[in-house]
Amino acid sequence: MAPSAQQHIDDESYSSWRQRSELEKMADLPPELEEELTTLDKDFWVSGKKLKEIVQRFREELDEGLSKNGQNIPMNLAWTGLPSGKEKGTVLTLDLGGTNLRVCKVTLHGDRKGAKEKSELDQKQYKLPKDLKTGDADGLWTFIAEKLEAFVQDKKLGEEYSKEKPMPLGFTFSYPATQDRIDHAVLQTWTKGFDIKGVEGNDVAQQLREKLEEKNLPFELICVINDTVGAMIASAYNDPKTIIGAIFGTGCNAAYMASLSDIKKLPSNSERTANKQHVYTGDKMAINCEYGAFDNAHRILPRTKFDTQIDAASPRPGEQTFEKLSAGLYLGELFRLILVDLADRSLLFQSQDTSKLREPYAIDTSFLSHLEDDESPAFTATRDLFSSTLSLTPTDPEVEFSRRIAEMIAVRGARLCACGVAAICTKEGIREGHVAADGSVANKHPKFKRRWADAMGEILGWEDGDGAARIEITSAEDGSGVGCAIVAAMEIERRGGAKE
Ligand code: GLC
């Protein structure tokens, strides 16, 4: 049941969008649009009190995931510790993102004297064909192997590496996966709109290895990591104050270092030895929370009817509830659904052709940031965007209405994004440090970081001027390139052999 607006508005702290908005008014709205906006704002506003309640529930779900397998937030073991900063070697890394496949040759210099940079990168990016995301496993691995093959030729890697002397390979696979060891990863469920048959429930490392073998490629797969783990490790390589790696992009998720004694579901070393399982020797292990799945039981998050619509039309309804309210993949879609609803009720774009607006996912997050950012005279940039993306010519009140909606959606997203990190910090008693953030929303939305920090302050009760205990959001180093290469280098070291 969708909660009514009243259920999540804390009257004391609720102030209307007119009071809160940072946007200058550019046109008066007719009364019916004004009324719609007020209703939407009440549905989208998450008060400070509500944020605290969400964080409380979030902590419970994080704890459940650490204590038992099969919980809603899986808290996946990542089998790696933090780097020393001295890791060295050359590794090929592969990053399967939401839109691109990135292949990098990463050279880590550690703290070698004379090296200007700690790492060097040579990379290529390939766009994922749209139908690959809904195709089958063989299509995915064949595409990856072909690109690897092209990279080997292009960069003449065959001169140095062979099947007998393979190049170490690290794979950043940013989907929820259960790992018994670092070179193994069973996909739990696809997220972010992917729906490739024949991969869920299977070890992606094994599937990739088989394809490498079939194509005779000179690589040895050393590790599979999540993008959040990569962001944390790459950032910690340079910045010892790193406490969390977080992605605010197409998806929304974070990783942190947990003490082994807190990971109740981890079998003891003796049990693992008896079962011939991998034994981990560190005292802390990286955990990929996979908290996009928070509140799949719909107990606490304030969902609007548009959130319900997004979920119902997604390939995995009922999954990734938190992510569907806060991540980049869905912000533009929320905006689109609101406009469609009003157009259906003849409140917007009357007598215009709205067919482009009716295409699912026709609008991405950058559309929203452009609207909030537009300082062009008479908002020509916004009008041009409407025209080029949607073939619509908005009136002044329609431009005004759209800017307000874009702001409301982005504000809600940033405030909710703070909840996941605040839950980890309060649970772990972390009072200061750097949250290394990556992803399109964190990097490209101009106001995200400030809104996120404001919400963190509200949740954690920071007073103005209380600069001492602060959790700051920083820009993560390259997790899927450098981070993944560092994890591979640590694993090679652990196995007792330097491969350069
Ligand atoms: C989704 C994925 C997760 C990833 C996040 C950010 O939540 O399930 O593995 O870290 O997106 O890319």
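Bear in mind the structure is a predicted one, so any value in this text is a computation, not a measurement.

**What to know about the site of the ligand**
Residues in contact with the ligand amount to 15 residues; listed here are only the nearest, T191, N226, D227, E290 and E323. Backbone polar atom of Y175 to an oxygen atom of the ligand: 3.2 Å apart, as the coordinates give it. Contact with the protein chains covers 98% of the free accessible surface of the ligand, which is 310 Å². Counting only elements with at least two residues in the shell around the ligand, the list comes to helix 6 (227-238) and strand 10 (252-259).

**Topic: the nonpolar core**
One recurring pattern in soluble globular proteins: nonpolar side chains tend to sit buried together. By size, the foremost hydrophobic cluster in this structure holds 115 residues, and its most contacted members are F58, I244, F248, Y291, F335, F401 and W452. For W452, the contacting residues outside a window of four places in its chain are F248, A414, C417, A418, V421, V435, I471 and I473.

**A closer look at the sheet that holds strand 2 (residues 88-96)**
Adjacent strands of a sheet form backbone hydrogen bonds with each other and so pair up, either parallel or antiparallel. In spatial order, the strands read 4-3-2-5-8; together these five strands make up an open sheet with mixed pairing. The sheet is open, and its two borders are formed by strand 4 (119-127) and strand 8 (219-225), each paired with just one other strand. Averaged over all adjacent pairs, the angle separating strand axes in this sheet is 20°, with direction ignored. For strand 2 and strand 3 (residues 100-109), the ladder comprises nine bridges, and the chain directions are antiparallel. Residue pairing for strand 3: L92 is matched across the bridge by K105. Where helix 5 (residues 204-214) meets the sheet, it contacts strand 2, strand 5 (167-173) and strand 8, and its direction lies at approximately 160° from that of strand 8.

**Things to note about empty space enclosed by the protein**
Enumeration over the complete set of coordinates arrives at three cavities of 30 Å³ or more. The space that makes up the largest cavity amounts to roughly 80 Å³. Considering the residues around the largest cavity, the lining is formed by N76, L77, A78, F173, Y175, A177, Q179, V224, I225, N226, V229 and N288. If you list the elements that add at least two residues to the lining of the largest cavity, you get strand 1 (76-77) and strand 8.

**Focus on the packing of helix 2 (residues 31-44) against helix 13 (residues 396-428)**
Here helix 2 crosses helix 13 at 5°, and the two axes come no closer than 10 Å. When the axis of helix 2 is compared with that of helix 13, the two are roughly parallel. Here helix 2 contributes L33, E36, L37, L40, D41 and F44 to the contact with helix 13, which in turn contributes P397, F401, R404, I405, M408, I409 and R412. Of the residues in the contact of helix 2 with helix 13, the class split is nine nonpolar, no polar and four charged.

**With respect to the sheet that holds strand 12 (residues 433-438)**
Taken in spatial order, the six strands line up as 1-11-10-9-12-13 in an open sheet, and their pairing is mixed. For this open sheet the edge positions go to strand 1 and strand 13 (471-475), each flanked by a neighbour on one side alone. As paired elements, strand 9 (residues 242-248) and strand 10 share five bridges and run antiparallel to each other. Residue I247 lies in a different strand from strand 10, and its bridge partner there is N253. Packing against the sheet, helix 6 makes contact with strand 9, strand 10, strand 11 (284-288) and strand 12, and its axis sits at approximately 140° to strand 9. Along the sheet, helix 15 (residues 448-460) contacts strand 9, strand 12 and strand 13; its crossing angle with strand 13, the most-contacted strand, is approximately 160°.

**A few points about the packing of helix 4 (residues 137-154) against helix 5**
For the pair helix 4 and helix 5, interaxial distance at closest approach is 10 Å and the crossing angle is 55°. The angle between helix 4 and helix 5 places the two elements in the oblique class. Classified by chirality, the crossing of helix 5 by helix 4 is right-handed. Residues A137, D138, W141, T142, I144, A145 and L148 of helix 4 form the contact with helix 5, whose own contacting residues are V204, Q207, L208, K211 and L212. Residue composition of the contact of helix 4 with helix 5, grouped by class: eight nonpolar, two polar and two charged.

**Here's the deal with the packing of aromatic side chains**
Considering all chains together, one arrives at 18 aromatic pairs under this definition. Consider the rings of Y175 and F194, whose centres lie 5.2 Å apart with planes at 45°: the pair is tilted. Taken together, the residues Y175 in the loop between strand 5 and strand 6 (177-178) and F194 in the loop between strand 7 (186-187) and helix 5 connect sequence positions 19 residues apart. Across the pair, F194 and Y175 agree in class, each one buried. Linked through ring pairs, W141, F171, F173, Y175, W190 and F194 together constitute an aromatic cluster. Between the NZ or CZ atom of K118 and the centre of the ring of Y237, over which it lies, the distance is 4.2 Å. Residue placement shows K192 over the ring face of Y175; its charged tip is 4.5 Å from the ring centre.

Cut-off values and rules
- Residues numbered from 1 in each chain as written.
- Predicted model: local features only at pLDDT ≥ 70, side-chain atom pairs only at ≥ 80, totals over all residues.
- Heavy atoms only, no water.
- Near = heavy atom within 4 Å.
- Polar contact = N/O pair within 3.5 Å; in protein donor to acceptor, adjacent residues only side chain to side chain.
- Areas by Shrake-Rupley, 256 points an atom, 1.4 Å probe, with all protein chains shown as cover.
- Helix = DSSP H or I, 4+ residues; strand = E, 2+ residues; numbered from the N terminus.
- Core = buried A, V, L, I, M, F, W, Y, C linked by side-chain atoms within 4.5 Å.
- Buried < 20%, exposed > 50% of the residue type's maximum accessible area, 1.4 Å probe, protein only.
- Contact = heavy atoms within 4.5 Å.
- Pairing = 2+ DSSP bridges.
- Axes fitted to C-alpha atoms, helices over the stretch in contact; angles between N-to-C directions.
- 1 Å grid on protein atoms, 1.4 Å probe; cavity = no way out; pocket = protein on both sides within 12 Å on 5 of 7 lines; lining within 4 Å.
- Points joined across faces, edges and corners; volume = space filled by probe spheres on them.
- Parallel < 35°, antiparallel > 145°, perpendicular 65-115°, else oblique.
- Nonpolar A, V, L, I, M, F, W, Y, C, P; charged D, E, K, R; others polar.
- Left-handed = near helix turned anticlockwise from the far one by under 90°.
- Phe/Tyr/Trp six-rings, centres within 6.5 Å; stacked < 30°, edge-to-face > 60°.
- Lys NZ or Arg CZ within 6 Å of the ring centre and 35° of its normal.

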